[in-house]
Amino acid sequence: MSEALVASQAAGTDVTVPAGSGARQFWRRLRAQRAALVAAAVVALLVLVALAAPLLTAIEGQDPFTYHPSLIDSARGGVPTGSFGGITGDHWLGVEPQTGRDLFARLVYGARVSLGVALGATVVQVLIGVVVGVAAALGSRWIDQLLSRFTEIIIAMPLMIMSLALLAIVPSSFPRPLLVALVIGLIAWGTVAKIVRAQTLTLKQLDYVSAARLSGWGTWRIARRELLPGLAAPVITYAALLVPTNITVEAALSFLGVGVKPPTPSWGQMLTAADVWYQAAPQYLLLPAGALFVTVLSLTILGDGIRTALDPRAASRLRIGTGRKREAKADAGTKGTSGKDAGTKGDAGTKGATTKSTGSKEATS
C-alpha cells in the first residue's frame, strides 16, 4: 500500500498488514505444484553443476581442452576406441571423436556458457524493457508514441538474422559469450517493454497511486515506490519464460557458427561438431541435445509454476501429474454439495407448502 495513502488514513481505522505475507502466499502456492518443484530442483542441480564445473573436472582428473590422440582410432576416421564412446574410469562420458577431449568436462563447462549467456541476456532484456515501458507509460503523449513505435520496430526485427549480422562484424577479440548475451538482450527486449507499459497504464489508475500523486510526489518517485513493486509479478513471470528461449537462441547461434567459438565449450557448439558423428558416436550428439532438452523443459515448467503462483486465478497451461484428477474430484465434490443443497431446499419448500395447505384447510373448516 502507498505511504501517502497510509498517511491519509492515519486518523481512520488502523489496518495491520503482516510483513512478507505476499511472499509466504507465493511460496505456499508454488509448493502446491509438484511439477514446478521438480523442475526447480532440476534447475538448481544444473546451476550447481555449472558453478562446480572446475571442481567436478578436477575430481575426474580431466579438463575440457586437452587432446588425447591415443584414445582415437585414426584408422576408422577418428572414432573413440573402446565401448560406448571410450567410457572409462578416467573419462566418465567418453571422449570426443577426432580430438579425444573429455566429454564430461566439455559438457559441464558448456553448461556454464549456455546458462550464463541465457541469464545475462535475460537481465539485459528485463532492464531495458522495464525502463522503456515505464517511461512510455508515464511520459507525455509524444514520448509514449515515440517509444511505442520504436518498440514495435524492435519486435518486428528478426532476432536470428540481426544476431547473425551483428555477431559476424564484431572482432573476434571481444569475449564471445558476453557478446552473444549482449546481442540477444539488445535485440529481444521489445516484448518486455510492451508488457511493462500495459501493466503500468493499469496501475496508474489505482487509488494508492492517485493518493501518492495528490500528496505531491514526483513522477519517478511514484514509479520507484509505487509502480515497480506492482510490476514485479508480471516481469518475474515473463523473465522465467525468457531464460529457456535464450538458451535455445544461443544454441542455434553456436550451431550456425556465429555464437561461442571453439575451443570454448557450449552445448550449441558441441551440437555443431557432432552433426556428422551421430552414427559412429551417437553419445556425442545425444549428451548436449539431452542437456538442452532437460534444461529448456525444466525452465519452462518452472516459469509456468511461477506464473500460476503469482496469479492463482489463472489456470496452469501445463497439466502435469494428477492435476486434472484433483480438479475433477474438486468439481465433483462441488456439484455434489450443490445437489444436496438443492435437495434440502426442495424438501424445505415441500414442507412449507404442506404446512400452508393444512392451515388453509383448518381456516376453511
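Heads up: the structure comes first, above all this text.
Figured I'd write up the structure that's included with this text. It should be emphasised that the depicted structure is a prediction, and the values quoted were computed from it without experimental measurement. (Residues numbered from 1 in each chain as written. Predicted model: local features only at pLDDT ≥ 70, side-chain atom pairs only at ≥ 80, totals over all residues. Heavy atoms only, no water.)

1. Brief notes about the packing of helix α4 (residues 53-60) against helix α5 (residues 103-138)
Geometry of a packed helix pair, given as the angle between the helix axes and the separation of the axes. It is at 9 Å that the axes of α4 and α5 come closest, and there the two elements cross at 175°. When the interaxial angle is binned, α4 and α5 end up roughly antiparallel. Across the interface between the two elements, A53, P54, L56, T57 and E60 from α4 touch F104, A105, V108, Y109 and R112 from α5. Tallied by class, the residues present in the contact of α4 with α5 amount to 7 nonpolar, 1 polar and 2 charged. (Axes fitted to C-alpha atoms, helices over the stretch in contact; angles between N-to-C directions. Helix = DSSP H or I, 4+ residues; strand = E, 2+ residues; numbered from the N terminus. Parallel < 35°, antiparallel > 145°, perpendicular 65-115°, else oblique. Contact = heavy atoms within 4.5 Å. Nonpolar A, V, L, I, M, F, W, Y, C, P; charged D, E, K, R; others polar.)

2. Points about the side chain of T308
Looking at where T308 falls in the secondary structure, it is placed in helix α13 (residues 282-310). There is a polar contact of 2.9 Å between the side chain of T308 and the backbone oxygen of D304. (Polar contact = N/O pair within 3.5 Å; in protein donor to acceptor, adjacent residues only side chain to side chain.)

3. Remarks on the pattern of salt bridges
The full count for this structure, using the stated rule, is 5 salt bridges. As a salt-bridge pair, R101 and E96 come within 2.9 Å of each other at their nearest N and O atoms. Since its relative accessible area comes to 2%, E96 is described here as buried. Put simply, D144 and R197 hold a salt bridge, and the shortest N to O gap is 2.8 Å. Taken together, the residues D144 in helix α6 (residues 141-156) and R197 in helix α9 (residues 190-203) connect sequence positions 53 residues apart. (Salt bridge = Lys/Arg side-chain N within 4 Å of Asp/Glu carboxyl O. Buried < 20%, exposed > 50% of the residue type's maximum accessible area, 1.4 Å probe, protein only.)

4. Describing a nonpolar patch on the surface
A contiguous nonpolar surface patch, about 330 Å² in accessible area, is contributed by F174, L178, L182 and L186. Looking at where L186 falls in the secondary structure, it is placed in helix α8 (residues 176-187). Exposure remark for L186: the relative accessible area of 49% places this residue in the partly exposed category. (Patch = residues over 30% accessible without salt bridge, like charges linked within 9 Å, V, L, I, M, F, W, Y side chains within 5 Å. Areas by Shrake-Rupley, 256 points an atom, 1.4 Å probe, with all protein chains shown as cover.)

5. A word on the packing of aromatic side chains
Per the counting criterion, the structure on display carries 3 aromatic pairs. Seen from their ring centres, F26 and W27 are 5.2 Å apart, and the 65° between their planes marks the pair as edge-to-face. With relative accessibility at 17%, the residue F26 sits in the buried group. Seen from their ring centres, F150 and W189 are 5.8 Å apart, and the 40° between their planes marks the pair as tilted. Taken together, the residues span a long stretch of sequence, with F150 in helix α6 and W189 in the loop between α8 and α9 at a distance of 39 residues. (Phe/Tyr/Trp six-rings, centres within 6.5 Å; stacked < 30°, edge-to-face > 60°.)

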